[in-house]
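Chain by chain, the residues:
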Amino acid sequence: MIKINLLPHREERRKQRRNDFYTLLVFASIVAVLILLLVGFYNASQISLQNQQNHLIKSANDKLDEEIKEIATLREEIDGLKARQQAVEDLQGDRNQPVYLLSELVAQTPEGIYLRSVKQDGQHIVLTGYAQSNERVSEYLKNLGSHSDWLNKPDLIVINATGIGQGKDAKKVFDFTVNVAIKRPRDQEAAGAATATPAIAPANGQAVKP
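Residues numbered from 1 in each chain as written. Predicted model: local features only at pLDDT ≥ 70, side-chain atom pairs only at ≥ 80, totals over all residues. Heavy atoms only, no water.

K.L.:
Honestly, the side chain of asparagine 143 in this entry has me stumped. Any pointers?
P.N.:
With respect to the secondary-structure elements, asparagine 143 resides in helix H3 (residues 134-147). Taking relative accessible area as the criterion, asparagine 143 reaches 12% and is therefore assigned buried. (Helix = DSSP H or I, 4+ residues; strand = E, 2+ residues; numbered from the N terminus. Buried < 20%, exposed > 50% of the residue type's maximum accessible area, 1.4 Å probe, protein only.)

Written as structure tokens, this is what we have:
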């Protein structure tokens, strides 16, 4: 006996496949949404962590800026104190400066030079006078620049031929003006330290002075 199945089994199978596909699609969508949520949560946590690190770095930089400002202020105060201390030392050292100045002028002025005036302006003096010849002026400048412990950097401002006296007593001389700097005691100490030569130690270990 032949049995015939009249149920639309193909249609049922197709419908079942369609349902399975939709179910799988919904499941994949849910998984995708969960993955997106997890990735978003991870990114948000990383951004929050980075923001915290940035905040810590910014706080540390602000603290360093404040410390740098304090150090700069302290340096300015130290420099100010050093400047005031140096000014006091210069004032104390300058008390004997007129004595040294007059002594040096007497020692370094050669024959044939007659000083008419000596004017001091800070650490410079202006010398005006008469000279018998240009050679005397050159010798005077050399003495002031190379042989003086308290005077240096002589600068000849002007020199003119002129005459003094009248009649038989008239003489031809050279009227000159020289600007020269005055050394301070600390300048001498610095120059002495710069020119000091250390002892040379030979192979036997004994120091030999040059």
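K.L.:
Looking at this structure, I do not really get the pattern of salt bridges. What am I missing?
P.N.:
Between side chains of opposite charge, pairing is possible as soon as their charged atoms come close. Taken as a whole, this structure holds 3 salt bridges when the rule is applied. The partner of lysine 58 in a salt bridge is aspartate 62, and the shortest N-O contact between them spans 3.3 Å. Residue lysine 58 and its partner aspartate 62 are located together in helix H1 (residues 9-94), separated by 4 residues, close to a single helical turn. Residue class for lysine 58 comes out exposed when judged on its relative accessible area of 52%. (Salt bridge = Lys/Arg side-chain N within 4 Å of Asp/Glu carboxyl O.)

K.L.:
Before we go on, may I ask you to explain a nonpolar patch on the surface in this structure?
P.N.:
On the surface, a cluster of nonpolar side chains totalling about 460 Å² of accessible area is made up of Leu24, Phe27, Val31, Ile35 and Val39. Here valine 31 shows up in helix H1. On the accessibility criterion, valine 31 (33% relative accessible area) is partly exposed. (Patch = residues over 30% accessible without salt bridge, like charges linked within 9 Å, V, L, I, M, F, W, Y side chains within 5 Å. Areas by Shrake-Rupley, 256 points an atom, 1.4 Å probe, with all protein chains shown as cover.)

K.L.:
Sorry, what's going on with the UniProt feature "transmembrane region" (unreviewed entry) in the protein here?
P.N.:
When the UniProt feature table is mapped onto this chain, "transmembrane region" (unreviewed entry) is found at residues 21-42. End-to-end, the C-alpha atoms of residues 21-42 are 31 Å apart, and along that stretch the chain is 100% helix and 0% strand. (UniProt positions renumbered as here; feature names shortened; annotations may be inferred.)

K.L.:
How should the confidence of the model for the protein be read in this particular structure?
P.N.:
Regions with low pLDDT should not have their predicted coordinates read in detail. Per-residue confidence for the protein averages 79 on the pLDDT scale, and 80% of its residues sit at or above 70. The element-level mean pLDDT for the protein is lowest in helix H4 (residues 185-195), coming to 55, with strand S2 (residues 124-131) highest at 90. Counting interchain partners and residues more than four positions distant, the pLDDT-below-50 stretch residues 197-210 has 10 contacts. (pLDDT = per-residue confidence, 0-100. Contact = heavy atoms within 4.5 Å.)

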